[in-house]
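Read off the chains here:
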Amino acid sequence: MTSESSGTGARTPAPGDTLAALAVLGDESRRRLFEFVRRARRPVTREEASAALGISRKLAAFHLDKLVASGLLQAGHGSRGPRRVGRSPKVYEPSPRTLQLSLPPRRHELLSSLLAEAVTGHGPEESARQAAVRLARKRGEELGAEARGADLTAFLESLGFEPADAGAGRTVLHNCPFHPVAAHASQLVCGMNHAFLRGCLAASGHDATTAAVLAPHPGLCCVELRTGADRGGRPEADGDDGPSCARDVHP
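We now turn to the structure provided with this report. All of these numbers come straight from a predicted model, not from anything done at the bench. (Residues numbered from 1 in each chain as written. Predicted model: local features only at pLDDT ≥ 70, side-chain atom pairs only at ≥ 80, totals over all residues. Heavy atoms only, no water.)

Here's the deal with helix H3 (residues 46-53)
Right, on to step 1. Three or more residues of H3 are buried, namely Arg46, Ala49, Ser50 and Leu53. For H3, the angular spread of buried residues about the axis comes to 95°, placing them on one side.
Right, on to step 2. Once H3 finishes, Gly54 follows within two positions and takes phi at roughly 70°, a positive value. (Buried < 20%, exposed > 50% of the residue type's maximum accessible area, 1.4 Å probe, protein only. Helix = DSSP H or I, 4+ residues; strand = E, 2+ residues; numbered from the N terminus. Arc of directions from axis to C-beta.)

Shown next, in the form of structure tokens:
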């Protein structure tokens, strides 16, 4: 399964949402029903599902509705199966929602969409690298605008950064959603990450008190947040790729 694409700004499900949905498939009957509906390539009725698994229609309906509640299937009324007075039979088909579980969270679909757009759509006066940084900031601004006024820690958690207070006005990010790609092109990807978070802070209204700075430390995201007087940091990375990002360096 893959995650919902955020290439057009769509929200990627939080890890907790994904875990809850996938937990529904822990039941063997539900898992078999999900596979039957997915492979049917058309809406199926409760009667067809119960016959396929050799279980009662009532039990099939129970499990199918659990799958609908989790977002894995969607239900409607169609013309297949025995017609009941006043309405068409209920039918089930796969939901357009797709899922990916990655622990710790990764946002590779976001990174790949930004890089593809940068390579295919950069302007005549900018390099693909410059376009990637520009687009990363723009995407951060789009997401930040949706979270304007929200709690910053909760917002960063929803993006998969796993923020933690490190004292002295520093918030470190224990996870990099763009890792391990950042390890192979650190200046490019870490620079995009920096621009992305700066855009998030600006559009969400937190940039008046908080700054995103490049401050590589072993085992952490190479970007951290700072409040107070010490809000400086390195600019977005530009130039040749350097060594692997700092989170892979053992102290």
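Details of the environment of Ser158
Right, on to step 1. Inspection of the secondary structure assignment puts Ser158 in helix H7 (residues 152-159).
Right, on to step 2. C-alpha of Ser158 to C-alpha of Pro105: the two residues are 53 residues apart in sequence and 9.7 Å apart in space.
Right, on to step 3. Within the structure, the side chain of Ser158 is placed 2.6 Å from the backbone oxygen of Phe155, a separation counted as a polar contact. (Polar contact = N/O pair within 3.5 Å; in protein donor to acceptor, adjacent residues only side chain to side chain.)

Focus: the pairing of strand S3 (residues 90-94)
Right, on to step 1. Two strands pair when backbone bridges link them, and strand S1 (residues 44-45) and S3 are joined in this way by two bridges, in the antiparallel orientation. When the bridges of S3 are listed, Val44 appears paired with Tyr92. (Pairing = 2+ DSSP bridges.)

Some thoughts on the nonpolar core
Right, on to step 1. Grouped together as the largest cluster of nonpolar side chains are 36 residues, with contacts concentrated most on Phe161, Met192, Phe196 and Leu197.
Right, on to step 2. If you list the elements that add at least two residues to this core, you get helix H5 (108-121), helix H6 (128-146), H7, helix H9 (186-204), strand S6 (210-214) and strand S7 (223-227).
Right, on to step 3. Element by element, the count of residues in this core is highest for H9, at nine residues.
Right, on to step 4. Residue contacts for Phe196: discarding those within four places in its chain leaves Leu110, Ala136, Arg137, Arg139, Gly140, Leu143, Leu159 and Phe161. (Core = buried A, V, L, I, M, F, W, Y, C linked by side-chain atoms within 4.5 Å. Contact = heavy atoms within 4.5 Å.)

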